[in-house]
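Structural overview
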Amino acid sequence: MATPMTATQVVAQLKKWGLHYVEIPGWATHNRNQKGAWGPINGFIWHHTGASVSNDSAKNYAATTLYNGLSDLPGPLCHFSIGLDGTVYLVGWGRANHAGGGDPAVLQHVINEDYSGQLHPTRGNSNGVDGNSHFYGVEIQYSGSKPMSDAQYKAALKLSAAILDFHGWSERSVIAHGEWSSDKWDPGYAPGKIMTMPDVRADIKATFTAGPGGTPSTPQEDDMDPIDVWAYKGKNEKQDAYAYLRGTKAKVDTLATQVAALSATVKTLADKLGSDVDTDTVVAAVQKAIADAVVKVDVDVTGTQA
């Protein structure tokens, strides 16, 4: 049980833990405090948006849907949102419409940090207790029916660790929306596996134990899994990504064969330099061989991309 962080304090925590973040204009004073209590805070809830959002649309999604809310649910709909590349968007600060009603028994477990394994709520929005006053919330921008990106997962772990660090909580203060409310099941999939919160909490604990790492920086494709790079560029179907990568592997193998053949040709021509061979003819032959290889590779690489 704790007093909520101030907007200044949460930004300091994001910086401390090396998270790349973007502030949606007005986030620091955007809340639903006029409708109810904000605090004491007892934990942090992970949500998924229920829709896949391309990286190019991530900021706009945070600034519109999550900031403004829906026709029947005013915003902010979360405090944080995480895009495909791991960027954390600051959406609101104060009471937010993210947790809704939940099971009071779960709340007590979180307050006491006394549970192990999966939580099984029996109450929800219609008959539960107010969760918006008790929890920070993050909306991870993915459908839940397919895995979040590796960058999103790592950012969610670090964001959790940053919150735990400030309040002196353990990983057991982090729960899923599906653990809080019987009406919900999110979040769904972690990278490469169906998500179970005991596993997630173990990953959060490991992240927290490792400590803060670095300063905020723009995510680089070199640091991302190839599947995440594909998603980062707007391709959201994992099977298409694997097909693309398999095709790329075949093209690289073809290029390696062509380079080996070209090398053999150059060696043969070089061996003849000592004989009575016209130098201009040798140079022209090498240039033609290189040009033929470049044209073939260019066609191979660009001809099948969507």
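Throughout what follows, the structure given in this document is the object of discussion.

Rules and cut-offs
Residues numbered from 1 in each chain as written. Predicted model: local features only at pLDDT ≥ 70, side-chain atom pairs only at ≥ 80, totals over all residues. Heavy atoms only, no water. Helix = DSSP H or I, 4+ residues; strand = E, 2+ residues; numbered from the N terminus. Contact = heavy atoms within 4.5 Å. Areas by Shrake-Rupley, 256 points an atom, 1.4 Å probe, with all protein chains shown as cover. Buried < 20%, exposed > 50% of the residue type's maximum accessible area, 1.4 Å probe, protein only. Polar contact = N/O pair within 3.5 Å; in protein donor to acceptor, adjacent residues only side chain to side chain. Arc of directions from axis to C-beta. Core = buried A, V, L, I, M, F, W, Y, C linked by side-chain atoms within 4.5 Å. Salt bridge = Lys/Arg side-chain N within 4 Å of Asp/Glu carboxyl O. Pairing = 2+ DSSP bridges.

Quick word on the overall build of the chain
Counting secondary structure elements, the chain contains nine helices and 12 strands. Sequence-distant contacts in the chain: of pairs separated by 6 or more residues, those separated by 24 or more amount to 78%. If you sum the accessible surface of the chain, you get close to 14800 Å²; carbon and sulfur atoms cover 54% of it.

Description of the environment of glycine 50
If you trace the backbone, glycine 50 turns up in the loop between β2 (43–48) and α2 (58–68). Put simply, glycine 50 and aspartate 186 are 136 residues apart on the chain and 8.5 Å apart in space, counted from C-alpha to C-alpha.

Things to note about the side chain of serine 173
Relative to the elements of secondary structure, serine 173 occurs in the loop between α4 (150–167) and β10 (174–176). With residues up to four places along the chain from it excluded, the contact list for serine 173 reads Asn42, Gly43, Phe44, Val110, Glu113, Tyr115 and Leu164.

Details of the environment of serine 182
Tracing the backbone through its elements, the reader meets serine 182 in the loop between α5 (177–180) and β11 (189–190). Classification of serine 182 as partly exposed rests on a relative accessible area of 39%. Not counting residues within four places of it along the chain, the set of residues in contact with serine 182 comprises Pro121, Thr122, Arg123 and Gly124. Polar side-chain contacts of serine 182 include one of 3.4 Å to the backbone nitrogen of glycine 124.

A short note on helix α3 (residues 104–112)
All of the buried residues along α3 are Val106, Leu107 and Val110. Down the axis of α3, the sector holding all buried residues measures 100°, keeping them to one side. Close packing links the buried residues of α3 with β2, β8 (129–130), β9 (135–140), β10 and α5. Capping the start of α3 is the job of one residue whose side-chain oxygen sits 2.8 Å from the backbone nitrogen of alanine 105: aspartate 103. Just past α3, the residue glutamate 113 takes up positive phi, approximately 50°.

A few points about the side chain of asparagine 55
Tracing the sequence through the fold places asparagine 55 in the loop between β2 and α2. At 3.5 Å, the side chain of asparagine 55 forms a polar contact with the backbone nitrogen of leucine 84.

Description of the nonpolar core
Formed by 39 residues in total, the largest nonpolar core has its most connected members in Phe44, Trp46, Phe80 and Tyr136. Where this core is concerned, the elements lending two or more residues are α1 (7–16), β2, β5 (80–82), β6 (88–90), β9, α4, β10 and α6 (197–210). The element that contributes the greatest number of residues to this core is α4, accounting for nine residues. Counting 12 residues, the second largest nonpolar core, distinct from the first, contains Ile24, Tyr61, Ala62 and Val91.

Observations concerning the pattern of salt bridges
Evaluated as defined, the whole model comprises four salt bridges. The residue arginine 95 makes a salt bridge to aspartate 130 at a minimum N-O spacing of 2.8 Å. Linking arginine 95 in the loop between β6 and β7 (101–102) with aspartate 130 in strand β8, this pair joins segments that are 35 residues apart in sequence.

Regarding unusual backbone geometry
Of the consecutive residues glycine 39 and proline 40, the connecting peptide bond is found in the cis state with omega at 0°. Structurally, proline 40 is set in the loop between β1 (21–23) and β2. Of note, the amide linkage connecting glycine 75 to proline 76 takes the cis form, showing an omega dihedral of 0°. One non-glycine residue, glutamate 113, adopts positive backbone phi at about 50°.

Some words on the pairing of β9
The buried fraction of β9 is high, at six of six residues. Alternating residues of β9 divide into Phe135, Gly137 and Glu139 and Tyr136, Val138 and Ile140, and every residue in both groups is buried. Here β2 runs beside β9; their pairing, made up of six bridges, is parallel. Within β9, the position partnered with glycine 43 by the bridge is phenylalanine 135.

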